[in-house]
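# Remarks on the overall topology
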Amino acid sequence: MKNCFLISEKKILMVRMEWQPAPDGLAQILQLLKASHSPDTETQRDVQQKLEQLNQFPDFNNYLIYVLTKLTSEDDATRSLSGLILKNNVKAHMNNLPPEVISFIKSECLLAVGDPSPLIRATIGILITTIATRGELCNWPELLPSLCNMLDTPNQLVIEGAFGALKKICEDLAEVLDSDDQNRPLNFMIPKFLTFFRHDSSTIRSHAIACTNQFIISRSQALMAHIDEFIQNLFYRATDDDPEVRKNVCRAIVMLLEVRIDRLVPQMNNIIDYMLLRTQDGDEGVSLEACEFWLSLAEQPICREVLQPHLPRLVPVLVRSMKYSELDIILLKGDVEEDEMIPDREEDIRPRFHRSRSHHANQDQDDEDEDGMDDDSSLSDWNLRKCSAAALDVLANVFMNELLPVLLPILKETLFHPEWEVKESGILALGAIAEGCMGGMVEFLSELVPYLVNCLSDKKALVRSITCWTLSRYSHWVVQQPHEQFLKPLMSELLKRILDSNKRVQEAACSAFATLEEEACTELVPYLGFILETLVFAFNKYQHKNLLILYDAIGTLADSVGVHLNKPEYINLIMPPLIQKWNVLKDEDKDLFPLLECLSSVATALQEGFLPYCEPVFKRCVSLVEQTLNQHMAHLQNSQQFDLPDKDFMIVALDLLSGLAEGLKTHIEGLVSSSNIMQLLFQCIQDNMPEVRQSSFALLGDLTKACFVHVHPCITEFMPVLSNNLNPEYISVCNNATWAAGEISVKLGGDMAPFVPSILPPLINIINRPNTPKTLLENTAITIGRMGLVCPGIVAPSLAQFVRPWCTSLRNIRDNAEKDSAFRGMCQMISVNPEGVLPDFIFFCDAVASWVSPQADLKDMFTKILHGFKNQVGEKAWLDFSQQFPAPLKERLLTNYNV
């Protein structure tokens, strides 16, 4: 393409305001813009290349703004595309554009704000905001006054265009508008916006409210100064005919609930009535915004008091809103029952987030409940159904069993309704209240659970899938009942659903089964063969998306039954399909993430049963770590040529190596000795990404336990980095580094002495911090105890600084080897510095009493310390001292230690 119209042999002429396009140049640019609409990818690539070349010529951007604002003879799509290309150019090259070009673009934008076409007005708004964002408003002082002055023009199109631009600026530059650097433009903008809440045009009313709404959450001074006027105007617009206005009113009220509830309380009854009405609005956008109100109100302390009287009206509305709409059913292909043969579309597979390993002192802690109401994941956008179910869930947690008198009659009617859509919404409601109303639901579950198990074979796939989810919410109850009656029927039906011919049901059943596995743990051992056969059969049946969920179900099973999986018949079932997938996947395939996570759990569970598979797995993990580190280094040296690598590959590989070390124990020694994993690990513990360091310290601790002979030579390099990571700002990194320090202490013994002075102070700081998570407290206490065990002379002088939180942290964990070594350390420290424990001796007594069955020599240590203290203070003082003990503590000490 000739470029003569943009540049000639001689220098470009200065661009002046009366700039005019060369006709042949304009024609060629129009030709390019039209060609870019072509469906042919080759043509599109060619157009893209030519547009890139044109960027060398500054006045190319003048052509683009000219097409957008002046060329009204062209169709809107072409003009808008010209504006969007210009926007991208401004974003990428703003600093290199000549000032006169920028001036020309700015003035043309302001002149065309009121273009007759809504699409062009919107494009100009986007362009104005992009320029303002790039120059942070400083270089365009006339912009805001100009747009605000346009609001006073009689021309409605100009007002709409100006408001459209202002709305985008308010969205993108909210903080800047409220800053002193810009002389707080909001001080004149907010009062201006408020005057338009009562404008004749609904579009303008809607824009005015939307602009003002941007400043609620940040509690902007300018808005807070006019808060009463704002609320008054909102109420005035409450019954507006236009759904967009009603939506913005509802959104404002929900945000005000969070930041200025004091202003809403006097009107709360009326607001609740209004939101009830709007939750049933004919426009789903409005009803969804209104439904958010119940979620927000549930978080407010006044919720119980103000909402109690309205429950009889609210609950039925929420349950009705949980019913699939006709559009939902069409989008979900709710009438398609068998779709397992249809390949997944890649865009339907949502990104997974890897959960890095975290070492717990007390391994039987519950994870946060992570299951959501993702029964309709292909409608993964937030919708009224999901919002209503979430609202019922949070309200059940607020009102608990008080919700049931209102809800039970509704459940009775919906659960047994002849229309499947109504029945399905009843099953969803039953699942939503599981957590909050469990206490009151128990008496009905022996009838409801068999009914639900029966619904697992409903002819409607959407009923089967929601039933899986609801049953998973009650699996805690199921596991505690007689197995023949409840667990076995549920398990057997869920396994059938895992092999369902509908992909949504497969997904829901797999997720529900993973939840059941977490609840049942070793209760599943008698059924392992049956479970594994089903899961392995699913490997050949599942399409891409559900395969990823299947990995999770297998990994969770391994976590739940542990070493019980280590039987030849189970290993021969589960390992071939996993290894087959492992061999097929390339190193850069993100499907490796869930597979590596799954293998990590399986390797830990199988222990030496994993030996036949471990060498290629180990080598590939080391290779993944090395590749990622090399790619990162290449990117740092030449970011133009090399992209930043996805460090998740390295994180999941480190976690699988941890799983191998934990499972194979000393058997991993040979693999470590013939690899460079220790050098790589030294780089990983210094990575700038916390998740990488978290997994690295987990691996350091696991290798210390499994093959310290290879960790020992590196200790002097590793320990300073480790002590720098004892920073509770990064909880998970700190937790794993603390745990690794404890494992290293046990292995180093007295040689730990040089490292204690740098490690002990941050640990004392952590154990005394308020609001430190339980797991970190426990790991910190264990590590301090272990350092006290190997270096009592160095740690004991600080005993008084940590003994009380130490005792309270460890009194709640079950007897295990880590607790054992920590308490031995405490006994050593007390023998070195008995004065250090005196002021807090009652806490030590309480911690000792938490032991169910300490080993004989440890029990002997406890007895000596307790009797030594009693003898030192004398019988009378001991009697006075022991009067403070709660009765159970007094009884346990007497029974177990005769004091």
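All of these numbers come straight from a predicted model, not from anything done at the bench.

## Notes on the overall build of the protein chain
- Along the protein chain, the regular secondary structure elements total 49 helices and zero strands.
- As displayed, the protein chain offers around 39100 Å² of accessible surface, 52% of which is attributable to carbon and sulfur atoms.
- In the protein chain, which carries 78 positive and 118 negative side-chain charges, the distance between the mean positions of the two groups comes to 1 Å.

## Digging into the packing of aromatic side chains
- Overall, the coordinates contain 24 aromatic pairs when judged by the stated rule.
- With 6.1 Å between their ring centres and 55 degrees between their planes, Phe539 and Tyr551 make a pair best called tilted. One end of the pair, Phe539, is in helix α29 (residues 528-541); the other, Tyr551, is in helix α30 (residues 544-561), with twelve residues separating them in the sequence.
- Residue classification places Phe539 among the buried residues on the basis of a relative accessible area of 3%.
- With a centroid separation of 6.2 Å and an interplanar angle of 75 degrees, the aromatic rings of Phe862 and Tyr897 are classed as edge-to-face.

## Regarding helix α24 (residues 434-455)
- Here α24 contains 22 residues, and its C-alpha end-to-end distance of 17 Å is more than 12% below the 32 Å for a straight helix at 1.5 Å per residue.
- Along its length, α24 shows its largest kink, about 80 degrees, at Gly440.
- For α24, the elements touching its buried residues are α21 (384-399), α22 (404-415), α23 (420-432), α25 (461-473), α26 (475-479) and α27 (487-498).

## Some words on the pattern of salt bridges
- Within this structure, the stated rule accounts for 39 salt bridges.
- A salt bridge links Lys488 to Glu484, with the shortest nitrogen-to-oxygen separation between them at 3.0 Å.
- A residue is classified by how much of its surface remains accessible, and Lys488, at 31% relative accessible area, is partly exposed.
- Overall, Glu484 belongs to the exposed group, its relative accessible area being 59%.
- Linking Glu875 and Lys870 is a salt bridge whose minimum nitrogen-to-oxygen distance equals 3.8 Å.
- Judged by relative accessible area, Glu875 falls into the exposed class, the value being 55%.
- Judged by relative accessible area, which is 15%, Lys870 ranks as buried.
- Connected through salt bridges with shared partners, the residues Arg464, Glu493, Lys496, Arg497 and Asp500 form a single ionic network.

## Brief notes about a negative patch on the surface
- Negative charge collects at one region of the surface, where Glu518, Glu519, Asp552 and Asp559 lie side by side.
- Put simply, the parts of the chain that give the negative patch at least two residues each are α28 (503-520) and α30.
- Residue position: Glu518 is located in helix α28.

## Describing helix α37 (residues 690-711)
- For α37, with 22 residues, the first-to-last C-alpha span of 22 Å runs short of the 32 Å given by 1.5 Å per residue.
- In α37, a bend of some 90 degrees at Lys705 exceeds every other bend along the element.
- Among the 22 residues that make up α37, 18 are buried, leaving the element largely enclosed by the rest of the structure.

## So, the side chain of Arg786
- Looking at the element boundaries, Arg786 is found in helix α41 (residues 774-790).
- A distance of 2.8 Å separates the side chain of Arg786 from the side chain of Ser821, its partner in a polar contact.

## Let's talk about the packing of α41 against helix α44 (residues 817-832)
- Contact geometry of α41 with α44 gives a least axis separation of 7 Å together with a crossing angle of 55 degrees. For the element pair α41 / α44, the angle class is oblique. The hand of the α41/α44 crossing is left-handed. Between α41 and α44, the residues in contact are Ala781, Ile782, Ile784, Gly785, Arg786, Gly788 and Leu789 and Glu818, Ser821, Ala822, Arg824, Gly825, Met826, Gln828 and Met829, respectively.
- Of the residues assigned to the contact of α41 with α44, the class counts are seven nonpolar, five polar and three charged.

## Side note on the environment of Leu411
- With respect to the element layout, Leu411 can be found in helix α22.
- A C-alpha to C-alpha distance of 23 Å links Leu411 and Glu493, two positions 82 residues apart in sequence.
- Not counting residues up to four positions away in its chain, the partners in contact with Leu411 are Gly426, Ala429, Leu430 and Ile433.

## Quick notes on unusual backbone geometry
- A positive phi is found at Cys521, a non-glycine position, where the angle reads about 45 degrees.
- Structurally, Cys521 is set in the loop between α28 and α29.

## Some details on the environment of Leu110
- Within the secondary structure layout, Leu110 lies in helix α5 (residues 99-111).
- Residue Leu110 is classed as buried on the basis of its relative accessible area, which comes to 16%.
- Sequence-wise, Leu110 and Glu435 are 325 residues apart; in three dimensions their C-alpha atoms are separated by 56 Å.

## Side note on the state of the cysteines
- Evaluated as defined, the whole model comprises zero disulfides.
- Left unpaired, Cys109 is separated from the closest cysteine sulfur, that of Cys148, by 17 Å.
- Cys109 sits in the buried class, given a relative accessible area of 0%.
- Between Cys521, a cysteine without a disulfide, and Cys598, which holds the nearest cysteine sulfur, the sulfur-to-sulfur distance is 17 Å.

## Overview of the packing of helix α40 (residues 756-767) against α41
- In contact at an axis separation of 10 Å, α40 and α41 are set at 145 degrees when each is read in the N-to-C sense. In terms of crossing hand, the pair formed by α40 and α41 is left-handed. Packed against α40, whose contacting residues are Val756, Ile759, Leu760, Leu763, Ile764, Ile766 and Ile767, the element α41 presents Leu776, Leu777, Thr780, Ala781, Thr783, Ile784 and Met787 at the interface.
- When grouped by side-chain class, the residues that make up the contact of α40 with α41 number twelve nonpolar, two polar and no charged.

## With respect to the side chain of Lys647
- Examined against the element boundaries, Lys647 turns out to sit in the loop between α33 (611-637) and α34 (648-664).
- Judged by relative accessible area, which is 9%, Lys647 ranks as buried.
- If sequence neighbours within four positions are ignored, Lys647 has contacts with Thr628, His632, Asp687, Asn688, Met689 and Val692.

## Overview of the environment of Glu729
- As for its position among the elements, Glu729 is in the loop between α38 (715-724) and α39 (731-748).
- Since its relative accessible area comes to 60%, Glu729 is described here as exposed.

## Observations concerning a nonpolar patch on the surface
- A surface patch of nonpolar side chains, about 330 Å² in accessible area, is lined by Leu327, Ile330 and Leu331.
- By the element assignment, Leu327 lies in helix α20 (residues 326-331).
- Leu327 sits in the exposed class, given a relative accessible area of 54%.

## A word on the confidence of the model for the protein chain
- Across the protein chain, the average pLDDT comes to 88, with 93% of residues at or above 70.
- Overall, residues 1-17 carries pLDDT values under 50, and its contacts beyond four positions in sequence, including any with other chains, amount to 31 contacts.
- Counted against residues more than four places away or in other chains, residues 374-379, with its pLDDT under 50, gives 24 contacts.

The rules we used
- Residues numbered from 1 in each chain as written.
- Predicted model: local features only at pLDDT ≥ 70, side-chain atom pairs only at ≥ 80, totals over all residues.
- Heavy atoms only, no water.
- Helix = DSSP H or I, 4+ residues; strand = E, 2+ residues; numbered from the N terminus.
- Areas by Shrake-Rupley, 256 points an atom, 1.4 Å probe, with all protein chains shown as cover.
- Lys, Arg positive; Asp, Glu negative; His and termini not counted.
- Charge placed at Lys NZ, Arg CZ, Asp CG, Glu CD.
- Phe/Tyr/Trp six-rings, centres within 6.5 Å; stacked < 30°, edge-to-face > 60°.
- Buried < 20%, exposed > 50% of the residue type's maximum accessible area, 1.4 Å probe, protein only.
- Expected span 1.5 Å × (residues − 1).
- Bend = angle between axes of the 7 residues up to and from the residue.
- Contact = heavy atoms within 4.5 Å.
- Salt bridge = Lys/Arg side-chain N within 4 Å of Asp/Glu carboxyl O.
- Patch = residues over 30% accessible without salt bridge, like charges linked within 9 Å, V, L, I, M, F, W, Y side chains within 5 Å.
- Polar contact = N/O pair within 3.5 Å; in protein donor to acceptor, adjacent residues only side chain to side chain.
- Axes fitted to C-alpha atoms, helices over the stretch in contact; angles between N-to-C directions.
- Parallel < 35°, antiparallel > 145°, perpendicular 65-115°, else oblique.
- Left-handed = near helix turned anticlockwise from the far one by under 90°.
- Nonpolar A, V, L, I, M, F, W, Y, C, P; charged D, E, K, R; others polar.
- Disulfide = S-S within 2.5 Å.
- pLDDT = per-residue confidence, 0-100.

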